[in-house]
Amino acid sequence: MIKHSIPPVFDKDSRILILGSFPSVKSREVQFFYGHPQNRFWRVIAAVFKEDVPMTIDEKKTFLIKKHIAVPDDMFFVKMIVRNHKGGIKIWQNIV
């Protein structure tokens, strides 16, 4: 079972919801949403609001709150089963 402990970012003034499913390995390593350097999320969202790209976790949290954006995930536990099937690999994901 894979778990993550990244808390959602929101406050009482949040008006925009960006709902993810489960953070990537890199996001779980850095302990924040859209944490892989190749992920375009922060560059795109900054461009939408005509702001500089937030770089640190604190800057990203401040950006989200300032722009009234809530970012939670809808799964905190995922069970992944990988099996070899006729020379291929199949992956099943279940909410646990």
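Our structure's up above, just so we're on the same page.
Residues numbered from 1 in each chain as written. Predicted model: local features only at pLDDT ≥ 70, side-chain atom pairs only at ≥ 80, totals over all residues. Heavy atoms only, no water.

**Q** For the nonpolar core, give the residues involved together with the corresponding values.
**A** Core analysis: the biggest nonpolar cluster contains 12 residues, these being Ile6, Val9, Ile18, Phe32, Phe33, Phe41, Trp42, Ile45, Phe63, Leu64, Ile69 and Val71. For this core, the secondary structure elements donating two or more residues are α2 (41–48) and α3 (57–66). With sequence-adjacent residues up to four places away left out, Leu64 is seen in contact with Val9, Phe32, Trp42, Ile69 and Val71. (Core = buried A, V, L, I, M, F, W, Y, C linked by side-chain atoms within 4.5 Å. Buried < 20%, exposed > 50% of the residue type's maximum accessible area, 1.4 Å probe, protein only. Helix = DSSP H or I, 4+ residues; strand = E, 2+ residues; numbered from the N terminus. Contact = heavy atoms within 4.5 Å.)

**Q** Kindly report on the side chain of Ser27, identifying the contributing residues and their values.
**A** Note that Ser27 resides in helix α1 (residues 25–30). Accessibility expressed as a relative area gives 4% for Ser27, which makes it buried. Setting aside its immediate chain neighbours within four residues, Ser27 contacts Ile6, Phe32, Phe33, Tyr34, Gly35 and His36.

**Q** Give me the lowdown on the layout of surface pockets, citing residues and values where you can.
**A** The computed volume of the largest pocket comes to approximately 220 Å³. The wall of the largest pocket is formed by 16 residues, among which Tyr34, Gly35, Trp42, Met55 and Lys60 lie closest to the centre. Those elements giving two or more residues to the lining of the largest pocket turn out to be α2 and α3. (1 Å grid on protein atoms, 1.4 Å probe; cavity = no way out; pocket = protein on both sides within 12 Å on 5 of 7 lines; lining within 4 Å. Points joined across faces, edges and corners; volume = space filled by probe spheres on them.)

**Q** How would you sum up α2? Please name residues and give values.
**A** Residues Phe41, Trp42, Ile45 and Ala46 constitute the buried set of α2. Looking straight down α2, one finds that the buried residues subtend no more than 120° of arc, so they occupy a single side. Of the exposed residues in α2, those oriented more than 90 degrees away from the buried face are Ala47 and Val48. Packed against the buried residues of α2 are α3 and β3 (69–70). Remark: Lys50 follows α2 within two positions and exhibits a positive phi of approximately 55°. (Arc of directions from axis to C-beta.)

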